[in-house]
Amino acid sequence: MDEYIRKVTFNGTKQSYFIGTCAATPWVTVQYVEKLCVEKGFSLLGFNSVVMPQGYIAGGGTQPKEVNDKILKEAEPKIVKLAETIRDKQILPKEQPGKAVMSKLLNPIMYSMMISAKGFIVTDKCTGCGKCEERCPLNNVKLINGKPVWGKNCTHCMACIAGCLAEAIEYGKKTQGKPRYYLGDE
Ligand code: SF4
Ligand code: SF4
């Protein structure tokens, strides 16, 4: 996301709000946001986060649907409040950073050792619908002869695998038999 923001030229107001999603806490994301705002000449009017269901099925996996539905329900009042604050151009208190070890130490280690599309495979269940290609935010999935092929630019968001309604994608053996959770179009 920060790569995208760095590349894009924004017209109009320089006042900005950043709202992150996370599975538990955004750790020190606020510090990255502050740095980005300085680089882009943005005036940061606030940073906050909303807890969303976990979907990292190449790792810990997702929770039962009823747990995820509850997380979404509980997030609604906060989302409304954040939207009202932004609509009214009010200052949004900056969420305090969490432990730096997760963002600054573990994140680079994970990227160098675990974050790769090499583990993705497609099974015979694939219908060739092309949704995995559409859903990849990094354009890292291409349909070739009706089947997905993964490139090298993967951030392990799990949108391709979790969003495949045919459950035709696996990440090695790590995802076999695990439930998928994807909140999006059917
Ligand atoms: S989303 Fe699933 S079924 Fe559709 S093309 Fe991709 S792997 Fe095949
Ligand atoms: S995990 Fe995310 S970034 Fe990686 S290929 Fe799938 S959709 Fe793209």
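Just so it is clear, the model here is predicted, and its values are computed rather than measured.

1. Here we look at the domain arrangement of the chain
Each assigned domain of the chain is listed with its residue range as follows: domain 1 (2-98) and domain 2 (120-171). Computed over C-alpha atoms, the centres of domain 1 and domain 2 are 26 Å apart. In this complex, domain 1 contributes four residues to the contact, which on the side of domain 2 involves four residues. Summed over both sides, the interface of domain 1 with domain 2 buries roughly 350 Å², with 77% coming from carbon and sulfur. Considering only the side of domain 1, the residues that lose the most area to domain 2 are Tyr56, Ile57 and Ala58, jointly responsible for 88% of the buried surface there.

2. What to know about the site of ligand 1
Of all residues adjacent to ligand 1, which total 13 residues, the nearest are Cys126, Cys129, Gly130, Cys132 and Cys164. Residue classes in the shell around ligand 1 are distributed as nine nonpolar, three polar and one charged.

3. A short note on the pairing of strand S1 (residues 15-22)
As paired strands, S1 and strand S2 (residues 43-51) are joined by eight bridges and run parallel to one another. Within S2, the position partnered with Gln15 by the bridge is Ser43. Once the chain exits S1 it traverses helix H2 (residues 29-40) before rejoining the sheet at S2, and the crossover so formed is right-handed.

4. Structural notes on helix H4 (residues 100-113)
In this model H4 runs 19 Å from its N-terminal to its C-terminal C-alpha over 14 residues, within 8% of the 20 Å that 1.5 Å per residue would give. Considering bend angle alone, the principal kink of H4 is centred on Leu106 and spans about 35°; proline Pro108 follows within four residues of it.

5. Focus on unusual backbone geometry
Backbone geometry follows two general trends: most residues other than glycine have a negative phi, and most peptide bonds adopt the trans configuration. For His156, which is not glycine, the phi dihedral falls at a positive 55°. Positionally, His156 belongs in the loop between strand S5 (147-150) and helix H6 (159-162). The backbone phi angle of Glu167 is positive, close to 50°, even though this residue is not glycine. Looking at the secondary structure, you find Glu167 in the loop between H6 and strand S6 (169-171). Given the relative accessible area of 36%, Glu167 is considered partly exposed.

6. Focus on the pattern of salt bridges
Under the defined criterion, the tally for this structure stands at 10 salt bridges. With a closest N to O distance of 3.3 Å, Glu3 and Lys7 form a salt bridge. Separated by four residues within a single helix, Glu3 and Lys7 lie in helix H1 (residues 2-7), roughly one turn from each other. Since its relative accessible area comes to 52%, Glu3 is described here as exposed. Looking at Lys7, the relative accessible area reads 64%, which means it is exposed. One salt bridge in this structure joins Glu76 and Lys73, with 3.5 Å as the shortest N-O distance. Of the two residues, Glu76 and Lys73 are both situated in helix H3 (residues 65-87); the distance of three residues between them amounts to about one turn of the helix. Lys73 sits in the exposed class, given a relative accessible area of 55%. Where salt bridges share partners, they join Asp2, Arg6 and Glu39 into one cluster.

Parameters and conventions
- Residues numbered from 1 in each chain as written.
- Chains lettered and ligands numbered in written order.
- Predicted model: local features only at pLDDT ≥ 70, side-chain atom pairs only at ≥ 80, totals over all residues.
- Heavy atoms only, no water.
- Domains from an automatic or database assignment.
- Contact = heavy atoms within 4.5 Å.
- Buried area = accessible area lost by both parts, 1.4 Å probe.
- Near = heavy atom within 4 Å.
- Nonpolar A, V, L, I, M, F, W, Y, C, P; charged D, E, K, R; others polar.
- Pairing = 2+ DSSP bridges.
- Helix = DSSP H or I, 4+ residues; strand = E, 2+ residues; numbered from the N terminus.
- Right-handed = clockwise from strand over helix to strand, strands pointing away.
- Expected span 1.5 Å × (residues − 1).
- Bend = angle between axes of the 7 residues up to and from the residue.
- Buried < 20%, exposed > 50% of the residue type's maximum accessible area, 1.4 Å probe, protein only.
- Salt bridge = Lys/Arg side-chain N within 4 Å of Asp/Glu carboxyl O.

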